[in-house]
Amino acid sequence: MTNPIRVAVLGAQGRMGSEAAQAVRDAEDMELTAALDREDSLDTLTATDTEVAVDLTHPDAVLGNLEFCVRHGVHAVVGTTGWTEERFGKLRGWLAEKPATGVLIAPNFGIGAVLTMRFAREAARFFESVEVVELHHPRKADAPSGTAARTAQLIAEARREAGLAAQPDATSTQLDGARGADVDGVPVHAVRMRGLVAHQEVLFGDEGETLTIRHDSMNRGSFMPGVLLGVRRIGTAPGLTVGLEHFLFNEEPSRPAAESDGAAGTRRGG
Ligand SMILES: NC(=O)C1=CN([C@@H]2O[C@H](COP(=O)(O)OP(=O)(O)OC[C@H]3O[C@@H](n4cnc5c(N)ncnc54)[C@H](OP(=O)(O)O)[C@@H]3O)[C@@H](O)[C@H]2O)C=CC1
Ligand SMILES: O=C(O)C1=N[C@H](C(=O)O)C[C@H](O)C1
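If you're wondering where the values come from, they're calculated on a predicted model, not measured in any experiment.

1. Structural notes on the packing of helix α5 (residues 111-123) against helix α6 (residues 146-162)
Remark: α5 packs on α6, axes separated minimally by 8 Å, with the N-to-C direction vectors making an angle of 25°. Between α5 and α6, the interaxial angle falls into the category roughly parallel. Here α5 and α6 pass one another in a crossing that is right-handed. Here M117, A120 and R121 of α5 come into contact with α6, specifically with T147, R150, T151, L154, I155, E157, A158 and E161.

Below, the structure written as structure tokens:
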């Protein structure tokens, strides 16, 4: 039998982190080396020979955690949201110096959510209008959700490839925010409501018809198969991978030629 993957969870007291720590404990091919939260030292990762760190902390904390992980050659599977191009730039810089280290940024670990993004990208070129509505629990720190932002970017990418014009919208006066956030030309609306976990609707419209793609995570157990898949695969995926779909569909990344030697590349969408 091969040695179990040595995995630590960061944010282990949180809603996601506590479930992830239990999922790792329950996985036969993994060993939980550390369950760290806000007050704990990251030196524990090196002291315990951790191979993979799962980050489920907070947008304010994730970058510092990743700098430590990459500098020490600890692979990372990241569910924490709040990513911007500037943040990706810093991460790529660290990875360039540690080309054997892998980092997966997964806006959503839910298999259905990954499929929603894929279906939305596929549908995008056929509809003149599209808007994204994400609905979450009221303790969520960031808006719009990482999943909604990524969905909108994928849709915008497909619209550009198809040569579609800007969406029709005659709004000339509005209260601030009434038309949602503009993510790459796609309006994204965020609902925060007690009783919800994580939900998203992508609404497409054209002459005489609409198409709605909806995904619901009823509990955080829905994310765990995706977390474990990321942990199993990241050790053999050096560089930056954005989106669980690359592991789920076994897609080879398309990397810029200069990065194909194992330096910090970006799988599609990074
Ligand atoms: N990709 C995906 O599929 C999913 C991603 N998420 C994302 O995961 C993140 C966590 O979500 P959730 O579990 O709901 O949030 P929680 O607030 O429940 O958990 C976050 C935990 O991280 C702790 N924490 C904060 N800063 C640090 C730090 N520097 N080091 C270690 N731990 C720290 C928090 O402590 P304290 O309470 O003291 O602040 C808390 O225990 C969010 O960004 C969320 O959007 C969530 C669900 C699915
Ligand atoms: O904070 C959450 O709960 C979630 N965050 C992720 C996001 O921002 O997309 C994934 C999922 O929507 C749950």
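2. Quick notes on the UniProt feature "binding site: (S)-2,3,4,5-tetrahydrodipicolinate" (unreviewed entry) in the protein chain
Annotation from UniProt places "binding site: (S)-2,3,4,5-tetrahydrodipicolinate" (unreviewed entry) at H137, G146 and T147. Along the chain, G146 falls in helix α6. For G146, the residues in contact, after removing those within four places along its chain, are T81 and P107. As for its placement among the helices and strands, T147 is situated in helix α6.

3. A word on the side chain of K140
Secondary-structure assignment places K140 in the loop between β6 (129-136) and α6. At a separation of 2.8 Å, a polar atom in the side chain of K140 contacts the side chain of D142. Not counting chain neighbours up to four residues away, the residues in contact with K140 comprise T81, S145 and R192.

4. Quick notes on a negative patch on the surface
Residues E128, D206, E207 and E209 make up a contiguous surface patch of negative charge. Position of D206 among the secondary structure elements: in strand β9 (residues 198-206).

5. Observations concerning the site of ligand 2
In the vicinity of ligand 2, the contacting residues are T81, P107, N108, H136, H137, K140, D142, S145, G146, T147, A198 and F223. Between ligand 2 and H137, the relevant distance is 2.9 Å, taken from an oxygen atom to a side-chain nitrogen or oxygen of the residue. For ligand 2, the protein covers 84% of the area, taking 320 Å² as the surface of the free molecule. Grouping the constituent residues of the shell around ligand 2 by class yields three nonpolar, seven polar and two charged.

6. Some thoughts on the sheet that holds strand β11 (residues 239-242)
Ordered in space as β2-β1-β3-β4-β5-β11, the six strands form an open sheet in which the pairing is parallel. Across the chains shown, the open sheet's two edge strands, defined by having one partner strand only, are β2 (30-36) and β11. Taken over all neighbouring pairs, the strand axes of this sheet differ in orientation by 20° on average, direction set aside. Bridging between strand β5 (residues 102-105) and β11 involves four bridges; their strand directions are parallel. Residue pairing across strands places I105 opposite V242, the latter belonging to β11. Along the sheet, helix α7 (residues 224-234) contacts β1 (5-10), β2, β3 (52-55), β4 (75-78) and β5; its crossing angle with β4, the most-contacted strand, is approximately 160°.

7. With respect to the site of ligand 1
Not every one of the 20 residues close to ligand 1 is listed here, only the nearest: R15, M16, R38, T81 and F109. Contact between ligand 1 and R38: an oxygen atom at 2.5 Å from a side-chain N or O atom of the residue. In the model, an oxygen atom of ligand 1 is placed 2.7 Å from a nitrogen or oxygen of the F109 main chain. Relative to its unbound accessible surface of 910 Å², ligand 1 loses 78% to contact with the protein. Partitioned by chemical class, the residues of the shell around ligand 1 number seven nonpolar, eight polar and five charged.

8. Regarding the sheet that holds β9
Strand order in the open sheet made by the five strands is β7-β8-β6-β9-β10, with mixed pairing throughout. Each edge of the open sheet carries a strand with a single partner, namely β7 (181-183) and β10 (209-217). If you compare each strand with its neighbour and ignore which way they point, the axes differ by 25° on average. Where β6 and strand β8 (residues 186-192) come together, five bridges link them in parallel fashion.

Cut-offs and rules
Sequence positions are assigned chain by chain, starting from 1 and proceeding in written order. As they are written, the chains are lettered A onward and the ligands numbered 1 onward, keeping that order. Restriction of local features to residues with pLDDT of at least 70 applies here, the model being predicted, together with a cutoff of 80 or more for giving and counting side-chain atom pairs; totals for whole chains, interfaces and linings are based on all residues. For the side-chain quantities, the full set of heavy atoms in the structure was used; hydrogens and water were omitted. Lines fitted to C-alpha atoms define the axes, with helix axes restricted to the stretch in contact, and inter-axis angles between N-to-C directions lie between 0 and 180 degrees. Here a helix means four or more residues in a row that DSSP labels H or I, a strand means two or more in a row labelled E, and each is numbered from the N terminus. An angle below 35 degrees is read as roughly parallel, one above 145 as roughly antiparallel, one from 65 to 115 as roughly perpendicular, and any other as oblique. Helix crossings are classified by the rotation of the near helix relative to the far one: an anticlockwise turn of less than a right angle makes the crossing left-handed, while a clockwise turn makes it right-handed. Any pair of residues with heavy atoms lying within 4.5 Å of one another is described as a contacting pair. UniProt positions are given in the numbering used here, feature names are shortened, and annotations may be inferred rather than shown by experiment. In protein, a polar contact requires one atom able to donate a hydrogen and another able to accept it; more generally it is a pair of N or O atoms within 3.5 Å, and residues adjacent in sequence count only if both atoms are side-chain atoms. Here a patch means residues that are over 30% exposed by relative accessible area and free of salt bridges, tied together within 9 Å if like-charged and within 5 Å if nonpolar (Val, Leu, Ile, Met, Phe, Trp, Tyr). Each accessible area is a Shrake-Rupley estimate made with a 1.4 Å probe; only the visible protein chains count as cover when residues are assessed. We define a salt bridge as a side-chain nitrogen of Lys or Arg found within 4 Å of a carboxyl oxygen belonging to Asp or Glu. Here the positive residues are Lys and Arg and the negative ones are Asp and Glu; neither His nor the chain ends is included. Where a charge sits is defined by one atom per residue type, namely NZ (Lys), CZ (Arg), CG (Asp) or CD (Glu). Being near a molecule or strand, for a residue, means having at least one of its heavy atoms within 4 Å of it. Each residue is assigned to one of three groups, with Ala, Val, Leu, Ile, Met, Phe, Trp, Tyr, Cys and Pro labelled nonpolar, Asp, Glu, Lys and Arg labelled charged, and all others, Gly among them, labelled polar. Only strands that DSSP links by at least two bridges are regarded as paired with each other.

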